[in-house]
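Structural characterization, general
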Amino acid sequence: MTANRIRLGMYCPGTGTGGPWRYAHSVLAALDPAEFDVTLFSDLTEYLPQPWVKAVSLAAAVEPALAVAAGSPAPVRRSPLARLAPPVVRRWAGFGREARRLARVIRRHPVDVFHTQNTGCEESPVAARLAGVPRVIGTFHVDTTYDLHRERSGPSHRLMEVVSNQCLDVGIAVSHETGRDWVRRTRLPASRLTTIHNGIDPDHFRRRQSRAEARSQLGLPTDALIVGGLGRLDEAKGFEFLVTAAAELRAEFPRLVVAIAGSGPQREYLEAEAERRGVADRVRFLGFQADVQPVLDALDVFAMPSRCEALPYALLEAMATELPAVAAAVGGIPEVIVPGETGFVVPPRDASALAAALRKLLTDEALRTRTGVAGRERVVRHFHERDMVRKTIELYRGGR
């Protein structure tokens, strides 16, 4: 260790956005520089929120012969025979090449604890082992249900998952179900896995304005009953089930509006689906919203019809804003919502069940208020950022 400080390596590729980064930002903000000497392995050249954190740019650290692996235009020379190798051989060769490359980077910046935010079928835990890091920790931000089309379910890919996860001294699952999933999938010993639920600061997610003010800001009708969701417009989020539920509820609730904030590849498909089901005038696509609080302030009910989740921040944010929630029973969502108390969980991919749960809330304002208040209390007690950070730092110190 350096000056009795723990040398911590935080590995989080990318430039600072997304769920894993949100987790990393929370932990980095809470670390004491008197106790930790922190190296951040990412695509950033500096880490502005905490200037004392040493940023090692993964792109800048690439050796010329390996530049393509990190996105540089420099070519990687491979023999003609390599291009003739079967896909599984090329896949394993790439895995090994990237693990060795990253190990060289880590060796140049030695750490006592390496915490990777890329865990599952990833090279980073293997690289940390190759680099001789004494303690390797990895957070599982997703589970295997994210493989919606079973493209990563073949024996070769699953063996990579086993190799990667067996390199962990400790695996952190963001929900109990996420942990159980990876234990089943990769035979990671349960003794080497712990659950630390995602957490938020509920003081950052409380109503800032009235519903009418928020709706006017977003161009939504002020006299509507609004059900809304947040997230990337892709298959995993299941927003087509919310559109279908709106069609089922349209006649019963003439003032119903569905508002969806986010961008992504399914925008045109969802718009066409709303048109096909006769609710194009009831479904509003708000686009990407850097600040989600005005969206949450505008809603009466929050909906999350996802096909897969581990433990979504958006659900915690909505509940912290005192919104009753209806969400699909996937991943860690049933660990957050107490049915009938803070909202309802419904079977995934079931628009009729989603509509039935929404109906209960839309017809009963007192129930919406009661479940919303209880939801915020649950987030404050069980899903607070400070608890997530405290438990993670205890692992850095060698605790369980």
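I will try to describe carefully the structure that is included in this document. Just so it is clear, the model here is predicted, and its values are computed rather than measured. (Residues numbered from 1 in each chain as written. Predicted model: local features only at pLDDT ≥ 70, side-chain atom pairs only at ≥ 80, totals over all residues. Heavy atoms only, no water.)

In a beta sheet, neighbouring strands are held together by backbone hydrogen bonds and run either parallel or antiparallel to one another. Read across the open sheet, the six strands follow the order β10-β9-β8-β11-β12-β13; overall the sheet is parallel. The strands lining the two open edges of the sheet, one partner per strand, are β10 (283-287) and β13 (343-346). Going from strand to strand, the sheet's axes swing by 20° on average, the running direction of each strand aside. Note that strand β9 (residues 256-261) and β10 share four bridges and pair parallel. The residue bridging Ile260 from the neighbouring strand is Phe285, located in β10. On the sheet, helix α8 (residues 239-249) packs against β8 (225-230), β9, β10 and β11 (301-304) and is oriented at approximately 170° with respect to β9. Seen against the sheet, helix α13 (residues 351-362) touches β8, β9, β11, β12 (325-328) and β13 and runs at an angle of roughly 170° to β13. (Pairing = 2+ DSSP bridges. Helix = DSSP H or I, 4+ residues; strand = E, 2+ residues; numbered from the N terminus. Axes fitted to C-alpha atoms, helices over the stretch in contact; angles between N-to-C directions. Contact = heavy atoms within 4.5 Å.)

Moving on: the packing of helix α5 (residues 155-165) against helix α6 (residues 176-186). Between α5 and α6, whose axes approach to 9 Å, the crossing angle comes to 110°. Looking at the two axes, α5 sits roughly perpendicular to α6. At the point where α5 passes α6, the crossing takes the left-handed sense. Residues Arg158, Glu161, Val162 and Asn165 of α5 pack against Trp182, Arg185 and Thr186 of α6. Residues that form the contact of α5 with α6 fall into these classes: two nonpolar, two polar and three charged. (Parallel < 35°, antiparallel > 145°, perpendicular 65-115°, else oblique. Left-handed = near helix turned anticlockwise from the far one by under 90°. Nonpolar A, V, L, I, M, F, W, Y, C, P; charged D, E, K, R; others polar.)

Moving on, we get to the pattern of salt bridges. Applying the stated criterion to the full structure yields 25 salt bridges. A salt bridge links Asp387 to Arg390, with the shortest nitrogen-to-oxygen separation between them at 3.6 Å. Separated by three residues within a single helix, Asp387 and Arg390 lie in helix α15 (residues 385-396), roughly one turn from each other. A single salt-bridge network, built from bridges that share partners, covers Glu177, Arg180, Asp181 and Arg184. (Salt bridge = Lys/Arg side-chain N within 4 Å of Asp/Glu carboxyl O.)

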